[in-house]
Amino acid sequence: MTTSMQAPAPTPDASPTGGARGRTALAALAGLLAAAVALGVAELIAGVVGVASSPVIAVGDAAITLTPEPVKAFAIRTFGENDKIALVVGTLVIIAVYALVVGVVGLRNRRLGALGIALFGLVGAVAAVTRPAGGPLDMLPSLLGAGGGVLALFALLAPLAVAPRTVASPSGVAPSEGEAAHADQRVVERLREVLGSGDRKGAALDRRRFFLTSGVAIGAAAVTGGGGRLLQRRFDIAGDRAALDLPTPTSRAAALPAGADLAADVDGLTPLFTDNREFYRVDTAISVPRIRPADYRLEMAGMFDSPRSYTLAELFERDDIIERDITLTCVSNEVGGGLAGTARWIGVPLGALLEENGIRSGSDQLLCRSEDGMTIGAPTRNALEVEDAMLAFGMNGEPLPVEHGFPVRMLIPGLYGYVSACKWLVRIEATTFDAVDAYWTERDWAAEGPIKIASRIDTPAPLREFPAGRRAIAGVAWAQTRGIAKVEVRVDEEDWAEAELSPEVDADLWRQWVLPYDFPAGRHSITVRATGADGEVQTEDRAAPFPAGSSGWHSIQVVAG
């Protein structure tokens, strides 16, 4: 008579066994490290394909495109020119949180974990390939990065769920076929219980192996990510830009009279010209386009009788190169904000370029396209009629900085940048506003964007205490193409007092203003308003930047001690 034997219970591996919380924490760490490997591999491939194909940049660019305008305005208002850094950091934080969840899910179900990383790669690939300037190869960094992340996740999770081993039959004799089947069934059931439970007490946790694998993952992420960054340096054009000699303008900017810059005598007053490193930058490019001068071409298309294209050398060789002092203003600038600046620009007259290509009278919009696919819609009338409108390639005596549109950008004084200042310009299509909407007009910003008259108090600084007595109140005012005729200041409820203006140089250049004032001790309110050369008085009515630029008097509170 054969006696039935009960299948032995599985015993854990001799290595230490972790509790539920410890195992879950390590799984979350595994997900984070797998994401780091995925990003590292992606950066390495992006070093071959192109910087903008990096999933972090591609997803960040897509986020900018999809973000509602009020949220964008909040970001610019809150972070200023650091809004892109904030976006990248935010993207990385979201990826990190997502990776932690993927790690925990992957511990319970490897397929779901792999699917989570694959989904991450798919999002990056779609974001990269659907960019306006995207191509099929741009999806490779995200897809290959996701593949590396899946392999890393599997390797990292393996030590956290080692299958239990069964004990051999104590008799040393092979069990019968029925006994073996019964034992196998019990093992399978126990294994399912272990892998499906929250504490997994029956599965061995090989911490040593996990941390060794983690070290390898960290090294792989560092090597691939660092290698990718090194490879991406081959796209750098700093040397090409530095070797470029600007042509000599045939028409110079107006000479500055003596004492033109009042900032030399007034602490805290904005200088007449803004240093390139301090010039404001507002655009949608997380990774700025890098165009080598030898590769540059500007294409004219659309409603022209004889459209052609231009190399940078051909633009440099023209005999109508101009130099002008122009103040630029961003439509996102709040009342009293700092998104305005002045530079001495060198370039080609835009109107002359359009006319020599035979622009047709039916065109009322120039659809300007950047190297990264951004579109800016400029009114054709302004491009033809505004004397200082230009295609600029020089800024304050040097080639355009890469962040400001190198090698060529458009400038039309009197219009906000979102309808006139296309950076990294590679194409001008003569068309109509009815035929096509540019990027910003698709998002309900005003189509033409004329700059509103504005004034700003630079000093004294708001809400800061200073000694009572005589002190300069000073700032800047601008009304491009019209010029500033008068600036008035009101302290508390006193009458308006006219400020001293810096010498008038050009209607496109802002003017500094100064008003000495004797401050008695106490809290005071200071308000400023400007009057344009055409007689228009700056409106008191407040308006937010969206959709056509802010308006209202700038007012601050100060304390005299």
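Residues numbered from 1 in each chain as written. Predicted model: local features only at pLDDT ≥ 70, side-chain atom pairs only at ≥ 80, totals over all residues. Heavy atoms only, no water.

Right, let's get into the overall build of the protein. Looking only at helices and strands, one finds 13 helices and 19 strands in the protein. Across the 561 residues of the protein, 51% fall into the buried class. At a minimum sequence separation of 6, the contacts of the protein that also span at least 24 residues come to 77%. Accessible surface for the protein amounts to roughly 25,700 Å². Of this, 57% is attributable to carbon and sulfur atoms. (Helix = DSSP H or I, 4+ residues; strand = E, 2+ residues; numbered from the N terminus. Buried < 20%, exposed > 50% of the residue type's maximum accessible area, 1.4 Å probe, protein only. Contact = heavy atoms within 4.5 Å. Areas by Shrake-Rupley, 256 points an atom, 1.4 Å probe, with all protein chains shown as cover.)

This next bit is on the sheet that holds strand S15 (residues 497-498). Pairing in this open sheet of five strands is mixed, and the strands run S12-S19-S18-S14-S15 from one edge to the other. Of all the strands in the sheet, just strand S12 (465-466) and S15 have a single pairing partner and so form its edges. Direction of pairing for S12 relative to strand S19 (residues 554-560): parallel, over a ladder of two bridges. Of the residues in S19, the one forming a bridge with Phe-466 is Ala-560. (Pairing = 2+ DSSP bridges.)

Residue position: Gln-365 is located in strand S5 (residues 365-370). Setting aside residues up to four positions removed in sequence, Gln-365 forms contacts with Gly-377, Ala-378, Thr-380, Glu-429, Ala-430, Thr-431, Thr-432, Phe-433, Val-436 and Ala-438.

A separate point is the pattern of salt bridges. Evaluated as defined, the whole model comprises 23 salt bridges. For the salt bridge of Arg-131 with Asp-138, the shortest nitrogen-to-oxygen distance reads 3.0 Å. Of the charged contacts, one joins Asp-388 and Arg-324 as a salt bridge, the two residues approaching to 3.0 Å between their closest N and O atoms. Placement of the pair is Asp-388 in the loop between helix H12 (380-385) and strand S7 (390-395) and Arg-324 in strand S3 (residues 322-329), with a sequence separation of 64 residues. Like Arg-324, Asp-388 is buried. Through salt bridges with shared partners, a single ionic network connects Arg-281, Asp-283 and Lys-423. (Salt bridge = Lys/Arg side-chain N within 4 Å of Asp/Glu carboxyl O.)

Right, let's talk about the packing of helix H5 (residues 110-129) against helix H6 (residues 140-157) for a bit. Relative orientation of the contacting elements H5 and H6 amounts to 160°, with a least axis distance of 8 Å. Put simply, H5 runs roughly antiparallel to H6. You can see that H5 and H6 cross each other, and the crossing is right-handed. Residues Arg-110, Gly-113, Ala-114, Ile-117, Ala-118, Gly-121, Gly-124 and Ala-125 of H5 form the contact with H6, whose own contacting residues are Ser-142, Leu-143, Ala-146, Gly-149, Val-150, Leu-153, Phe-154 and Leu-157. Residue classes in the contact of H5 with H6 are distributed as 10 nonpolar, five polar and one charged. (Axes fitted to C-alpha atoms, helices over the stretch in contact; angles between N-to-C directions. Parallel < 35°, antiparallel > 145°, perpendicular 65-115°, else oblique. Left-handed = near helix turned anticlockwise from the far one by under 90°. Nonpolar A, V, L, I, M, F, W, Y, C, P; charged D, E, K, R; others polar.)

What follows is about the state of the cysteines. Tallying each qualifying case throughout the model produces zero disulfides. Here Cys-422 is not cross-linked by a disulfide; its sulfur's nearest cysteine counterpart is in Cys-368, at 5.4 Å. (Disulfide = S-S within 2.5 Å.)

To continue, consider H5. Counted at 1.5 Å a residue, the expected span for H5 with its 20 residues is 28 Å, and the 28 Å between its end C-alpha atoms agrees. Within H5 the residues assigned to the buried category are Gly-113, Ala-114, Gly-116, Ile-117, Phe-120, Gly-121, Gly-124, Ala-125, Ala-127 and Ala-128. Tucked into the core, H5 has its buried residues touching helix H1 (20-49), helix H2 (55-66), helix H4 (83-108) and H6. (Expected span 1.5 Å × (residues − 1).)

In this section: unusual backbone geometry. Cis geometry marks the peptide bond from Phe-406 to Pro-407, where omega comes out at 10°. Mapping Pro-407 onto the fold places it in the loop between strand S8 (398-399) and strand S9 (409-411). Looking along the chain, the bond that leaves Thr-459 and enters Pro-460 is cis, with omega of 5°. Looking at where Pro-460 falls in the secondary structure, it is placed in the loop between strand S11 (454-459) and S12. In this model, Trp-424 sits at a positive phi of 50°, which is unusual for a non-glycine residue. Structurally, Trp-424 is set in the loop between S9 and strand S10 (425-431).

Now for the nonpolar core. Grouped together as the largest cluster of nonpolar side chains are 79 residues, with contacts concentrated most on Trp-345 and Ile-428. Each residue touching Ile-428, except ones within four places of it in the same chain, is listed here: Leu-298, Glu-299, Met-300, Ala-301, Phe-304, Leu-350, Leu-354, Leu-366, Leu-367, Leu-391 and Met-410. With 24 residues, the next largest nonpolar core counts Leu-26, Leu-153, Leu-156 and Ala-217 among its residues. (Core = buried A, V, L, I, M, F, W, Y, C linked by side-chain atoms within 4.5 Å.)

Now for the confidence of the model for the protein. Regions with low pLDDT carry predicted coordinates that are not meant to be interpreted in detail. This prediction gives the protein a mean pLDDT of 89; 89% of its residues lie at or above 70. Note on residues 163-175: pLDDT is under 50 here. Beyond four places in sequence and across chains, it has 15 contacts. In the model, residues 190-203 has pLDDT below 50 throughout and makes 27 contacts with residues more than four positions away in sequence or in other chains. (pLDDT = per-residue confidence, 0-100.)

The next thing to look at is the sheet that holds S5. Strands in a sheet are paired, the pairing made by backbone hydrogen bonds, and the direction either parallel or antiparallel. The strand order across the open sheet formed by five strands is S2-S1-S10-S5-S6, and the pairing between neighbours is mixed. Looking along the sheet, the strands with just one partner apiece sit at the ends: strand S2 (309-311) and strand S6 (375-379). Strand-to-strand, the axes of this sheet are offset by a mean angle of 20°, without reference to chain direction. As paired elements, S5 and S6 share five bridges and run antiparallel to each other. Looking at S6, one finds that Gln-365 is bridged to Pro-379.

Most of S10 is tucked away: five of the seven residues are buried. As judged from the four bridges shared by strand S1 (residues 297-302) and S10, these two strands associate in the parallel manner. From the neighbouring strand, Glu-299 faces S10, where its bridge partner is Arg-427. Where S5 and S10 come together, six bridges link them in antiparallel fashion. Counted as the bridge partner of Ser-370 is Leu-425 from S10.

Relative to the helices and strands, Asp-267 resides in the loop between helix H9 (238-242) and S1. Along the primary structure Asp-267 and Ala-474 are separated by 207 residues, whereas in three dimensions their C-alpha atoms are 9.1 Å apart.

Summarising the sheet, S11 and strand S13 (residues 469-478) pair through five bridges and their orientation is antiparallel. Bridging from a neighbouring strand, Ile-457 pairs with Gly-475 of S13. Strand direction decides the pairing type here: S13 and strand S17 (residues 511-519), joined by nine bridges, are antiparallel. Within S17, the residue paired with Gly-469 across the bridge is Phe-519.

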